[in-house]
Amino acid sequence: MLNKLKQWKRQQTSEEVDDRFQELLKHPIPGHIAIIMDGNGRWAKKRALPRVAGHHEGMKCVRKITKLANELGLEALTLYAFSTENWKRPKMEVEFLMKLPEEFLGTFLPELVEENVQVKMMGSPDALPLHTRTAVKKAMEATKDNDGLILNFALNYGSRSEIIDSMKHVLKDVQNGILDESDLNEELFSSYLMTKDLKDPDLLIRTSGEIRLSNFMLWQLAYTEFFFTDVLWPDFGKEHLVEAIEAYQGRSRRFGGLQSEES
């Protein structure tokens, strides 16, 4: 009887989340969501498992959230998969993390193609192992004609490095007479960034209770709405995504201006 009651409660909760998910579609959906996927190691530690087990579980969560983002009709989902600072981690953990894109894309690429998802990557590819670059390149090539959700992996990415490299390109174009210094503005500078083909994120989600940006999209997040949750990334599910978007929909985005008196 107790098991049946628990099952009934889970079913009720699932139905409630499904209803809230459908309700989201009646209101403005963020076009671009960026996620700092944090907490894989702590998830594993709580279960007396090696850190790599948490990363593997986190990979499954990527698939789940990608499917949900696609159902919601998002334009883009950017996932912070590996930062330029993550190379400081233990060698075994880094090697495992470098295998995850190959496993994820190798397993789910047919599904991504079928669901009209386009895979992109931002970051510096040169330092990545050949097998990682090959897997990402294959996925990008296989999905290049898809025009649905853009699944953008931030891999070996650091925002400060991105901004400095962009500035170097600007200076080079000015020196070569391609660009007039007086024409430089925010919009033009954005075209030199790795995200030049994406709109800035409307919503940033960070899991695991940490409240910082960790060198992630510092330029692009200037007017993004932030949502921080204590939930560890492998545990991040449909109900948590719904909660984040509900919070977004309840905010007034003024971009430095004032609300009109009518609103």
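An account of the accompanying structure is given in this report.

What counts as what
- Residues numbered from 1 in each chain as written.
- Predicted model: local features only at pLDDT ≥ 70, side-chain atom pairs only at ≥ 80, totals over all residues.
- Heavy atoms only, no water.
- Helix = DSSP H or I, 4+ residues; strand = E, 2+ residues; numbered from the N terminus.
- Contact = heavy atoms within 4.5 Å.
- Phe/Tyr/Trp six-rings, centres within 6.5 Å; stacked < 30°, edge-to-face > 60°.
- Buried < 20%, exposed > 50% of the residue type's maximum accessible area, 1.4 Å probe, protein only.
- Lys NZ or Arg CZ within 6 Å of the ring centre and 35° of its normal.
- Axes fitted to C-alpha atoms, helices over the stretch in contact; angles between N-to-C directions.
- Parallel < 35°, antiparallel > 145°, perpendicular 65-115°, else oblique.
- Left-handed = near helix turned anticlockwise from the far one by under 90°.
- Nonpolar A, V, L, I, M, F, W, Y, C, P; charged D, E, K, R; others polar.
- Pairing = 2+ DSSP bridges.
- Right-handed = clockwise from strand over helix to strand, strands pointing away.

1. Some points on the side chain of Thr207
Then, in step 1: Inspection of the secondary structure assignment puts Thr207 in the loop between β5 (203-206) and β6 (225-228).
Then, in step 2: Setting aside residues no more than four positions away along its own chain, Thr207 makes contact with Ile36, Met37, Asp38, Thr229, Val231, Leu232, Trp233 and Phe236.

2. Considering the packing of aromatic side chains
Then, in step 1: The final tally for this structure, using the stated rule, is 9 aromatic pairs.
Then, in step 2: Ring centres 4.9 Å apart and planes at 75° place the aromatic pair Phe82 and Trp87 in the edge-to-face group.
Then, in step 3: Residue classification places Trp87 among the partly exposed residues on the basis of a relative accessible area of 32%.
Then, in step 4: Ring centres of Trp233 and Phe236 lie 5.5 Å apart, and the angle between their planes is 20°; this geometry places the pair in the stacked category. Of the two residues, Trp233 and Phe236, both sit in the buried class.
Then, in step 5: Connected via pairs of aromatic rings, a cluster forms that spans Tyr80, Tyr157 and Phe216.
Then, in step 6: Just above the ring of Phe21 sits the side chain of Lys238; from NZ or CZ to the centre is 4.5 Å.

3. Comments concerning the packing of helix α4 (residues 91-114) against helix α5 (residues 130-143)
Then, in step 1: Running from amino to carboxyl end, α4 crosses α5 at an angle of 15°, the nearest separation of the two axes being 8 Å. Between α4 and α5, the interaxial angle falls into the category roughly parallel. The two elements α4 and α5 meet at a crossing, and its hand is left-handed. Between α4 and α5, the contacting residues are Met98, Lys99, Pro101, Glu102, Leu105, Leu109 and Val113 on the first element and His131, Thr132, Ala135, Val136, Lys138, Ala139, Ala142 and Thr143 on the second.
Then, in step 2: The class makeup of the residues in the contact of α4 with α5 is 9 nonpolar, 3 polar and 3 charged.

4. Digging into the pairing of strand β4 (residues 150-157)
Then, in step 1: Among the 8 residues of β4, 8 are classified as buried, and the element is accordingly described as predominantly covered.
Then, in step 2: Pairing between strand β3 (residues 118-122) and β4: 5 bridges, direction parallel. Residue pairing for β4: Met121 is matched across the bridge by Phe153.
Then, in step 3: With α5 bridging β3 and its parallel neighbour β4, the resulting β-α-β unit is left-handed.

5. Some details on the sheet that holds β6
Then, in step 1: The parallel open sheet is built from 6 strands, whose spatial order is β3-β4-β2-β1-β5-β6. Looking at which strands have only one partner, the edges of the open sheet turn out to be β3 and β6. When the angles between neighbouring strand axes are averaged without regard to direction, this sheet yields 20°.
Then, in step 2: With 7 bridges connecting them, strand β2 (residues 76-83) and β4 associate as parallel partners. Bridging from a neighbouring strand, Phe82 pairs with Leu155 of β4.
Then, in step 3: Strand contacts of α5: β3 and β4, with the helix running at about 140° to β3, the strand carrying the most contacts.
Then, in step 4: Relative to β5, helix α8 (residues 238-249) is tilted by about 140°, and along the sheet it contacts β1 (32-36), β5 and β6.

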